[in-house]
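Close look at the chain arrangement
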Amino acid sequence: QAELVESGGGLVQAGGSLRLSCAASGRTFSRRAMGWFRQAPGKEREFVAVISWSGGTRYYADSVKDRFTIARDNAKNTLYLQMNSLKPEDTAVYYCAASPYAGYPSKELKDYDYWGQGTQVTVSS
């Protein structure tokens, strides 16, 4: 059974950094586009960053551009999100997801069919 498991969340002060990991098991996701999404309390889940299967194409939400970096290690079947200069508005549950497609990494939640359980990120001011 395929599974995505996020880790690395926690409590950090504004300006700090965290690195999220998403480990895939049960099947390989190396030929799938993958992404990170987040959901803050009372808000809808939103796109954060996505990456093609090769890592050659990456897209970021404007709110995290130049602060967050998405990366993947296909040999380890793991997706990463390096988050720097964190702000209180980055507080949310962060989810990783895998798409059925390899190339163009969609920014739309509906285009992802595997989801992790989420990891909480809390940024204090």
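In the block above lies the structure referred to throughout.
Residues numbered from 1 in each chain as written. Predicted model: local features only at pLDDT ≥ 70, side-chain atom pairs only at ≥ 80, totals over all residues. Heavy atoms only, no water.

A look at the overall build of the protein
Tallying secondary structure elements over the protein gives zero helices and 11 strands in all. Mapped in sequence order, the helices and strands of the protein form the string β-β-β-β-β-β-β-β-β-β-β. Expected size for 125 residues packed as a compact globule is a radius of gyration near 14 Å; at 13 Å, the protein falls within 12% of this value. Seen along its three principal axes, the alpha-carbon backbone of the protein occupies a region of about 40 × 25 × 25 Å. Counting every position in the protein, which comprises 125 residues, the buried fraction comes to 46%. In the protein, the share of contacts with a sequence separation of at least 24, taken over all contacts with a separation of at least 6, comes to 61%. (Helix = DSSP H or I, 4+ residues; strand = E, 2+ residues; numbered from the N terminus. Rg over C-alpha atoms; globule rule 2.2 N^0.38 Å. Buried < 20%, exposed > 50% of the residue type's maximum accessible area, 1.4 Å probe, protein only. Contact = heavy atoms within 4.5 Å.)

Topic: the packing of aromatic side chains
Counting across every chain of the model gives six aromatic pairs. What links up through ring pairs into an aromatic cluster is the set Phe-37, Phe-47, Tyr-112 and Trp-115. A cation over an aromatic ring shows up here: Arg-45 above the ring of Tyr-95, its NZ or CZ 3.6 Å from the ring centre. (Phe/Tyr/Trp six-rings, centres within 6.5 Å; stacked < 30°, edge-to-face > 60°. Lys NZ or Arg CZ within 6 Å of the ring centre and 35° of its normal.)

Quick look at the state of the cysteines
All chains considered together, the criterion is met by one disulfide. Each disulfide pairs two cysteine sulfurs, and for Cys-22 the partner residue is Cys-96, the sulfurs being separated by 2.0 Å. Classification of the bridge connecting Cys-22 and Cys-96 rests on its S-S torsion, roughly 45 degrees, and on that basis the disulfide is right-handed. Linking Cys-22 in strand β3 (residues 18-25) with Cys-96 in strand β9 (residues 92-98), this pair joins segments that are 74 residues apart in sequence. (Disulfide = S-S within 2.5 Å.)

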